[in-house]
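Overview (structure and organization)
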Amino acid sequence: MFSLGSWLPALPGLAWGWALLDALLQGLVGACAVSVLCSLLKVYLYIQCVNKPERQAEKEAIVAQRPLLEPLHVLVLTGVLALVGSRVAALVVLEFSLRAVSTVLSLGKGAHSSQLYLLCQYSLGCGVSCSLSFLLEGAPHRSWNLVLAAGLAGLLALHARRLARHVCALYELHSRARYCGICILLLAAGHGIPRLLRNALALTFAVADLAAVELINRDFLSTGEAVRFWTPLTICYTLLVVYMQEESRQSTGKWLVFRTVLVRIGGLFILLLTVGRWTDILHVFVSLLGELWCLLRSGVLLESCWRQ
C-alpha cells in the first residue's frame, strides 16, 4: 500500500521500473518549474520592451521564439533531470545557492536579477527534484503523490505558456484599448514579476538546500567521512565563486556564461574524481548537457537581460 508497485506481484526488475518512473515524474516536475520561470520572464521582458523604440529589435526577437520548441525543451530537461543522481543534483543546488548569495550581495538587485533568474534554470530543476526526493522519501503512495505533483506542475506550466503567447500576440493592442483584464493587470503590476520570482525562488532554494545537505549526509557512516567530503567541497566552491565574480567584473557577454558553466562543471568533476563515485562522474557530464541546453534555449532572453 506504499506505492504503485506494491500493489503488483514481485517480479524481477519491477522495483527498478517503478524507481525509474518516480525519477521521470520528479524530473517532469522540475522541468515544468523551469518552464514557468522562463514563461514569466518572457512576459516581463516583453512588457519592458513595449513602447521603447530602442528595444524594438529585442521585442521582435522575443516574439520570434518558436512556441513549438517548448514541449521539446520540457521533454529533454525531464530526461536530463531523471538521469542525474540525487548526489550530483544536490551539489548543483548548493553551488548555485552560494553563487546567488554572493551575486546578490556584491551586485545588488535590479537588472542583474533577471539574468540571475535565467542562469538558475537547471539548478532550479535539480532543486525541485531534490526536494521531492527528500520530502517523499518513505511516504505512503509516493508514486501517486508524484503523479499528482506532475499533473499540477504541468497545468501551471501550460497556463504560464499560454499567458506568454497571449502577451506576445495581443498585449500592445489590449493595453492601449483597455480591453483585456489580464493585459490591464500586467500593465499596472507587471513590474512586480521579478519580485514575485525572487520570493518564490528564495523559498524553493531554501527547501532544496536543506534537502541537498540531508541527501548528501545520508551516504556517510561517520563524522570523519563527512568532514573529508565537506572540507574540499567548501574550499572548491569558495574558489569557484571568487573566480566567477572576478570574471564577471572583467568581461560580459554570451560566451562568459558558457565559459562559467564549463569552469563550474569542471571544478565539480575534479572534486568528485577525488571524493566521489564513478556514477557521480557520469552524472556530472549529464549536468553539463542540462546546463548548456537551458542556456541555449533561453539565449534570446539572456540577450535582452544584458541590453537592459
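About the criteria used
- Residues numbered from 1 in each chain as written.
- Predicted model: local features only at pLDDT ≥ 70, side-chain atom pairs only at ≥ 80, totals over all residues.
- Heavy atoms only, no water.
- Phe/Tyr/Trp six-rings, centres within 6.5 Å; stacked < 30°, edge-to-face > 60°.
- Helix = DSSP H or I, 4+ residues; strand = E, 2+ residues; numbered from the N terminus.
- Buried < 20%, exposed > 50% of the residue type's maximum accessible area, 1.4 Å probe, protein only.
- 1 Å grid on protein atoms, 1.4 Å probe; cavity = no way out; pocket = protein on both sides within 12 Å on 5 of 7 lines; lining within 4 Å.
- Points joined across faces, edges and corners; volume = space filled by probe spheres on them.
- Nonpolar A, V, L, I, M, F, W, Y, C, P; charged D, E, K, R; others polar.
- Patch = residues over 30% accessible without salt bridge, like charges linked within 9 Å, V, L, I, M, F, W, Y side chains within 5 Å.
- Areas by Shrake-Rupley, 256 points an atom, 1.4 Å probe, with all protein chains shown as cover.
- Salt bridge = Lys/Arg side-chain N within 4 Å of Asp/Glu carboxyl O.
- Core = buried A, V, L, I, M, F, W, Y, C linked by side-chain atoms within 4.5 Å.
- pLDDT = per-residue confidence, 0-100.
- Contact = heavy atoms within 4.5 Å.

**Regarding the packing of aromatic side chains**
Applying the stated criterion across every chain, the model contains two aromatic pairs. Here phenylalanine 96 and phenylalanine 205 contribute two aromatic rings whose centre-to-centre distance is 5.1 Å and whose plane-to-plane angle is 40 degrees, an arrangement assigned as tilted. Placement of the pair is phenylalanine 96 in helix H4 (residues 86-107) and phenylalanine 205 in helix H9 (residues 193-217), with a sequence separation of 109 residues. The class of phenylalanine 205 is buried, set by a relative accessible area of 8%.

**Observations regarding empty space enclosed by the protein**
Enumeration over the complete set of coordinates arrives at three cavities of 30 Å³ or more. For the lining of the largest cavity, the elements supplying multiple residues, two or more each, are helix H1 (14-49), helix H3 (69-83) and helix H7 (142-177). Residue classes in the lining of the largest cavity are distributed as four nonpolar, five polar and six charged. Quantified by volume, the second largest cavity comes out at close to 60 Å³. In terms of lining, the second largest cavity is formed by Leu91, Val92, Glu95, Tyr237, Leu240, Arg264, Ile265 and Leu268.

**A word on a nonpolar patch on the surface**
Taken together, the side chains of Leu69, Leu72, Leu75 and Val76 make up a nonpolar region of the molecular surface, amounting to roughly 330 Å² of accessible area. Within the secondary structure layout, leucine 69 lies in helix H3.

**Description of the nonpolar core**
Residues Leu37, Leu91, Tyr122, Leu124, Tyr171 and Leu268 are the most contacted members of the largest nonpolar core, which totals 88 residues. Among the elements that line this core, the one with the most residues is H1, at 16 residues.

**Side note on the confidence of the model for the protein**
Predicted coordinates in areas of low pLDDT are best not read in detail. On average, the protein scores 80 in pLDDT, and the residues at 70 or more come to 86%. Scored below 50 in pLDDT, residues 1-14 makes 20 contacts in the model with residues more than four places away or belonging to other chains.

**A closer look at the pattern of salt bridges**
What the rule picks out here adds up to six salt bridges. Put simply, aspartate 22 and arginine 142 hold a salt bridge, and the shortest N to O gap is 3.4 Å. In this pair, aspartate 22 sits in helix H1 while arginine 142 sits in helix H7, placing the two residues 120 residues apart along the sequence. Taking the relative accessible area as the measure of exposure, arginine 142 reaches 17% and is therefore buried. For arginine 297, the salt bridge is made with glutamate 70, and the minimal N-O distance between the two is 3.2 Å. With a gap of 227 residues between them, arginine 297 in helix H12 (residues 278-297) and glutamate 70 in helix H3 connect regions that are remote in the sequence. A single salt-bridge network, built from bridges that share partners, covers Glu95, Arg99, Arg264 and Glu291.

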